[in-house]
Amino acid sequence: MRENAWTRWPSREALSREGVPTARRALAWTLRALALGTLIATTFTDKGLHGWGTAAGVAGVVLCAVLTWAFWRTTLAHRLLPSLGLLALLLAIATVGQGVGFRVPALVLWCGCAVSAIERLPLAAALPATSVALSGYAAANNDVWLTTAATAGGLVLAGYVLRLDAEARGSAQRLLAQERAARAAEAESAALAERARIAREIHDVLAHSLSAQLVHLEAARLLIERGADRDTILERVVGARGMAREGLAETRQALSALRGEMSPLEDFLSELVATADGADVTVTGERRLLRAEASQAVRRVAQEALTNVRKHAPGAKVHVRLDYGVHEVTLDVRDSGGTPGELSSSGAGYGLLGMRERAELLGGSLEAGPDEEGFVVTLKVPV
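Quick summary incoming for the structure in this document. (Residues numbered from 1 in each chain as written. Predicted model: local features only at pLDDT ≥ 70, side-chain atom pairs only at ≥ 80, totals over all residues. Heavy atoms only, no water.)

**A few points about helix α10 (residues 292–312)**
Because an α-helix completes one turn every 3.6 residues, residues spaced three or four positions apart along the sequence face the same direction.
Move 1: Taking 1.5 Å per residue as the helical rise, α10 with its 21 residues ought to reach 30 Å, and the 30 Å between its terminal C-alpha atoms agrees with that figure.
Move 2: Among the 21 residues in α10, 17 count as buried, and that is most of the element. (Helix = DSSP H or I, 4+ residues; strand = E, 2+ residues; numbered from the N terminus. Expected span 1.5 Å × (residues − 1). Buried < 20%, exposed > 50% of the residue type's maximum accessible area, 1.4 Å probe, protein only.)

Take a look at the structure:
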């Protein structure tokens, strides 16, 4: 709902000194101090005040300063009635000053109240208050009516210009605060996303490594239960140790990838199939550098698919195909099928589910299921 321009207060940012350059603020206070000092000196000299008269004049100046400060605070807090009350006291002091012969201070006080009301109050309250102040000024001023009217109009215009300037500064402060908040939220969101990415990478590396080790250790357990010979059991234990070493290497590689240091995807797949019996890799399409997230997704899916072949179809032939398309890269891992291994029931079955979630986060897809011969895993991620 749009706020009424006549009853709307200037914003707190506009009424405060926030956003005002230090040099401009210092200059403003210096000019105020010089004007006030000159006014006091001139008034007291012209009146020839001594003793109690001087004390009364100084007390009046101090009282006006305190009331002005209080008016500044109440308008900053958007408290209308206290602000109008303080403004009325200042106008009353100006009237009393005019009555006892302090004409120049009274004129200055009337003008200041008129400008301050326009600058700091809602227009519905500012216009009557300014009218009262300018009426007192016009009654006390000895100039011709045209000069008085021009001065009054100039004071109203000056107050309104100050109001617009303050509002513009306040709007700039609000926009700056919103931009800072947006940047902070963006930085926090990026940090959370990076943490999630790191956690996902470490989880996938450990899940693959530990799953591969479990294959060998579970086989070793079964061999021990069946009373197999020592060399056969040792082969499985050595295989588990090799998987542990590969897991450490993959962890280092994942950390390097997070730092932007990754080996080419084709080299990685070639090294991966070299460790698997009966596996080969084919790369088609125009090779290009992928995003770190997409490259990591392809690597993890290839690892998980080969691990599943070892578990569910040991000895099967595996063909890995990487195709660089125009808009997406496709990884296809197919095995020739085979008799389910003794370890086909090991594992929790969350590997491919995690890979599918990773692919969907990148705007891609992962499909896994049996085909005519064996099992096929197909990953598609945009490039």
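**Side note on the sheet that holds strand β1 (residues 279–285)**
Move 1: Spatially, 5 strands are ordered β1-β2-β3-β5-β4 in an open sheet, and the strand pairing comes out mixed. At either end of the open sheet lies a strand with only one pairing partner, and these are β1 and β4 (365–370). For this sheet, the mean inter-axis angle between neighbouring strands, taken without regard to orientation, is 10°.
Move 2: Inspection of the sheet shows strand β3 (residues 328–335) paired to strand β5 (residues 375–382) by 7 bridges, in the antiparallel sense. Across the sheet, Arg334 pairs through a bridge with Val376, a residue of β5.
Move 3: Those strands touched by helix α9 (residues 265–274) are β1, β2 (318–324) and β3, and its axis lies near 160° from that of β1.
Move 4: Contacting β2, β3, β4 and β5, α10 runs over the sheet at an angle of about 175° to β5. (Pairing = 2+ DSSP bridges. Axes fitted to C-alpha atoms, helices over the stretch in contact; angles between N-to-C directions. Contact = heavy atoms within 4.5 Å.)

**Some thoughts on the packing of aromatic side chains**
Move 1: Enumeration according to the criterion identifies 0 aromatic pairs in this entry.
Move 2: Between the NZ or CZ atom of Arg299 and the centre of the ring of Phe268, over which it lies, the distance is 5.1 Å. (Phe/Tyr/Trp six-rings, centres within 6.5 Å; stacked < 30°, edge-to-face > 60°. Lys NZ or Arg CZ within 6 Å of the ring centre and 35° of its normal.)

**Some words on the packing of helix α4 (residues 80–99) against helix α5 (residues 103–120)**
Move 1: Put simply, α4 and α5 touch, their axes get as near as 8 Å, and they point 160° apart. In terms of orientation, α4 lies roughly antiparallel with respect to α5. Taken as a pair, α4 and α5 cross one another with a handedness that is left-handed. Here α4 contributes Leu87, Leu90, Leu91, Ile93, Ala94, Thr95, Gly97 and Gln98 to the contact with α5, which in turn contributes Arg103, Ala106, Leu109, Trp110, Cys113 and Ala117.
Move 2: Its residues placed into classes, the contact of α4 with α5 shows 10 nonpolar, 3 polar and 1 charged. (Parallel < 35°, antiparallel > 145°, perpendicular 65-115°, else oblique. Left-handed = near helix turned anticlockwise from the far one by under 90°. Nonpolar A, V, L, I, M, F, W, Y, C, P; charged D, E, K, R; others polar.)

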